[in-house]
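# Reading the structure
Now for the letters of each chain:
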Amino acid sequence: ELLGEHGCINHGAMVWEELLRTPCVLHCPALIPPGGTRSLTSGMDIVPTVMALMGITATDSLKIDGINALAHSGGERSLVVDSPAAVLPGRYRKFPNLLKAVNVIRRAIRTPRFKYVWQSDKDHRLYDMIGDPGEQANLLHLKPRLAGGLLKEMMAFYKRVRPGFRIEEYHVPISPN
């Protein structure tokens, strides 16, 4: 939930770290060493991590997304995050400025060091997540090649998942109310 960070009070249609960095605690002292993991992980990693703790491995007949987060070394993994334009935009009728702000498709790719944010309003951004964890300084004009490489990697991910993918379209129907 955004509680004023970045000038927002909401929890959807954004890709700020405050919405993406959610803790996950697995407690199993016999199998999990103290200290946990500090690498980039996803909610999709919960199932393969728990399966590995139970001694179950994925097979051709049991395919799962994600990785065992406890076995991941924290290398150069990238995560892609997708956020639609305002869900139920009718709720924002009394707040036209807020509707304008949230009625943008946002797609981001996050590496351990950087986050590139593509936005349908063309206000693309690049953040150094180590030097600027509060996502205040847009570095896009300083590192356009890095941003271009991250965009290319993000597009490759989307095209693997959905051939014919178009970045400016959101493929899930959104209710007008």
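Residues numbered from 1 in each chain as written. Predicted model: local features only at pLDDT ≥ 70, side-chain atom pairs only at ≥ 80, totals over all residues. Heavy atoms only, no water.

## Concerning the pattern of salt bridges
One pass over the structure, following the stated rule, counts eight salt bridges. Between Arg77 and Asp45 there is a salt bridge; the shortest N-O distance is 2.7 Å. Placement of Arg77 in the loop between helix 2 (46-53) and strand 1 (79-83) and of Asp45 in the loop between helix 1 (17-20) and helix 2 is noted, with a sequence separation of 32 residues between them. A relative accessible area of 1% means that Asp45 is categorised as buried. Across the pair Asp82 and Arg107 runs a salt bridge, and its minimum N-O distance is 2.4 Å. (Salt bridge = Lys/Arg side-chain N within 4 Å of Asp/Glu carboxyl O. Helix = DSSP H or I, 4+ residues; strand = E, 2+ residues; numbered from the N terminus. Buried < 20%, exposed > 50% of the residue type's maximum accessible area, 1.4 Å probe, protein only.)

## Focus on helix 4 (residues 144-161)
Along its 18 residues, helix 4 runs 26 Å from first to last C-alpha, staying within 8% of the 26 Å computed at 1.5 Å per residue. Of all the residues in helix 4, the buried ones are Ala147, Leu150, Met154, Met155 and Tyr158. In an axial view of helix 4, the angular spread of the buried residues amounts to 140 degrees, which keeps them on one side of the axis. Turned more than 90 degrees away from the buried face of helix 4, the exposed residues are Arg145, Lys152 and Arg160. At its buried positions, helix 4 is contacted by strand 1, strand 2 (106-110), strand 3 (114-119) and strand 4 (125-128). (Expected span 1.5 Å × (residues − 1). Arc of directions from axis to C-beta. Contact = heavy atoms within 4.5 Å.)

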